[in-house]
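Chain by chain, the residues run as shown.
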Amino acid sequence: MDELSQARAELDRLEKEEHDLLKKLSSVRIAASAQRSAIEELVRRQPVAPINRLPREILLSILTLAIHAVSGDNKRQSCRRMDFAGISRAWRDTIFGYPNFWATIELKPGGLAPESVKAHVERSSGCDLDIAIHSWKSGTGPAMESLIKLIIPSAQRWRSIDIRSNSKTNTKSILRQFHDLRLPSLLRATIICERNFRYPKFLLPENVPALECIKLENLESTHDVPVGPRLVNVTLQFGFDPMSILDLPSLFSADKLTTLTLCCPGGHLAPLTSVHFPHLTSLTLMVGHARQLLESIVAPQLTYFCYRSPLMSSPTGRLAYVFEGLDSKFTSVQHVATQGGIAVLCGNDAYTFCAAFPNVRVAEMDEMAMHYFFESTHAGSFPMDHWAHLEVLAVHGLTTFTGLVNTAIPLLQRRRLAERTRVTVSFVDFNRNQDPFYHGNELSDNAVLCGLYDALHPICNMELKDAPLSALVSLTPQDALPAKVVCHFVVRAL
């Protein structure tokens, strides 16, 4: 056979092999398709896992709760999201396709890496963002600034910002980077600084037209505070400056406010004529010469009032001076608080304060102030006799029960005999460790609390809040096995 014949024979063999392989490939494809259909049918017959039967909205709610169960750490929440995303394709699609899962961006040392910050910004696209920047101490400025640059492009979507616990230098750096921003979606702003700072430009009404809630601490008292058209909740704490005079015409003309907290521990308010807050329901004051504001203010919807005087050593700071003659001005107030600032009371202070708020149903005070409110004055009457409708008396930071028993029980017995509303006495942040005569005896605690309950129960209700329980466990062997376990549970204030 010559060379040409051999080549043709080899081609015939290869073409035949090709034909056989194509035929076999066709058969394999048909068999694979049939097998795939059989598997899909078997999968359809399998019972669906309960978690996969849930509507998407319910699954989102469950995942949201599970992710936010890791409190206070954006980095840990991000890791938890990724763990859940690896459970199934459905979960992964749900987590990566739901912008709200990525709407909180917390910038702090050791927190989110730059790649994670970028991922949050991208995956939250179209969703409003909550921004928190905190705990940046001296020497961490460059790392902080590089992270802030990653979120600046999303400023149009910021819903809230929270800046706190940063060094003075880093706070200035943050405010400088935010200086020219316009934040049309911003609803809430919190800035808490170590040192005094000026009112930021980016929080001017023209830059934050939607702002509803603002909290600024250690603000300089040299300028008026501009108020936007939608602002309803304001907390302003000015830095200590004994020579400062607060002139706040914009704030006192904001007629949409519902909550106002105003603290100026060193200075006092400029003279006022009339301040009308038609929607104000909550007012907290710690300012010098507060009487002129209370005389000028008109707030028919006011229900909560908290007063702390920075000038208790001054005659103009005493309760008897501040509230004298205001008996009929605040009849709408049902909840008052005096804890955390009424350090020294005497004379008619408590009596005058109670008379100024005759319709109180809930009263809060600290341990020291409590004794003066329970003291008998004015020919055997008590200051709290003015509170005929009192329902709850909350005492904060109680360290010992001796003074309470000696001063409170006579008044509570008197109210009970007068068939007035049964009062609930609530002890909040109870801490016997501050009692110099307390030696940490759990059984003594138990006896004291039981004795207090026995004394108060006939004349009022008693609550003990924020007092952790510890268990004193002992094993008592019996003559016969098995041994019997006896548990004594004792209330102990830690």
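Below is a short write-up of the structure.

1. Some details on the nonpolar core
Part 1 of the argument: By size, the foremost hydrophobic cluster in this structure holds 103 residues, and its most contacted members are W158, L203, L262, F305, F323, F357 and W387.
Part 2 of the argument: Among residues more than four places away in sequence, those in contact with L203 are L186, A189, I191, V208, I214 and L216.
Part 3 of the argument: If you look at the next biggest cluster of nonpolar residues, it comprises 10 residues, including L60, A85, W91 and W102.

2. Details of the environment of H279
Part 1 of the argument: Take H279: it is sitting in the loop between β9 (275-276) and β10 (282-288).
Part 2 of the argument: Look at H279 and you get partly exposed, because its relative accessible area is 43%.
Part 3 of the argument: Along the backbone, H279 and A299 are 20 residues apart, and their C-alpha atoms lie at a distance of 7.1 Å.
Part 4 of the argument: Excluding its chain neighbours within four sequence positions, the residues that come into contact with H279 are D255, K256, L257, T258 and Q301.

3. Describing the packing of aromatic side chains
Part 1 of the argument: Counted by the stated rule, this structure contains 16 aromatic pairs.
Part 2 of the argument: Considering the side-chain rings of F305 and F330, the 6.3 Å spacing of their centres and the 20° angle between planes classify their relative orientation as stacked. With a gap of 25 residues between them, F305 in strand β12 (residues 304-307) and F330 in the loop between α10 (319-322) and β13 (335-337) connect regions that are remote in the sequence.
Part 3 of the argument: Judged by its relative accessible area of 0%, F305 is buried.
Part 4 of the argument: Among the aromatic residues, ring-to-ring pairing joins F305, Y307, F323, F330, F353, F357, F373 and W387 into one connected group.
Part 5 of the argument: Stacked on the ring of W102, the Lys or Arg R81 has its end atom at 4.4 Å from the ring centre.
Part 6 of the argument: R291 extends its terminal NZ or CZ atom over the ring of Y321, reaching a point 5.9 Å from the ring centre.

4. A look at the pattern of salt bridges
Part 1 of the argument: One pass over the full model with this rule turns up 15 salt bridges.
Part 2 of the argument: In this structure, R45 and E41 form a salt bridge, with 3.3 Å as the shortest nitrogen-oxygen distance. Of this pair, R45 and E41 both sit in helix α1 (residues 3-45), 4 residues apart, which is roughly one turn of that helix.
Part 3 of the argument: Relative accessible area serves as the criterion here: at 61%, R45 is assigned to the exposed category.

Cut-offs applied
Residues numbered from 1 in each chain as written. Predicted model: local features only at pLDDT ≥ 70, side-chain atom pairs only at ≥ 80, totals over all residues. Heavy atoms only, no water. Core = buried A, V, L, I, M, F, W, Y, C linked by side-chain atoms within 4.5 Å. Buried < 20%, exposed > 50% of the residue type's maximum accessible area, 1.4 Å probe, protein only. Contact = heavy atoms within 4.5 Å. Helix = DSSP H or I, 4+ residues; strand = E, 2+ residues; numbered from the N terminus. Phe/Tyr/Trp six-rings, centres within 6.5 Å; stacked < 30°, edge-to-face > 60°. Lys NZ or Arg CZ within 6 Å of the ring centre and 35° of its normal. Salt bridge = Lys/Arg side-chain N within 4 Å of Asp/Glu carboxyl O.

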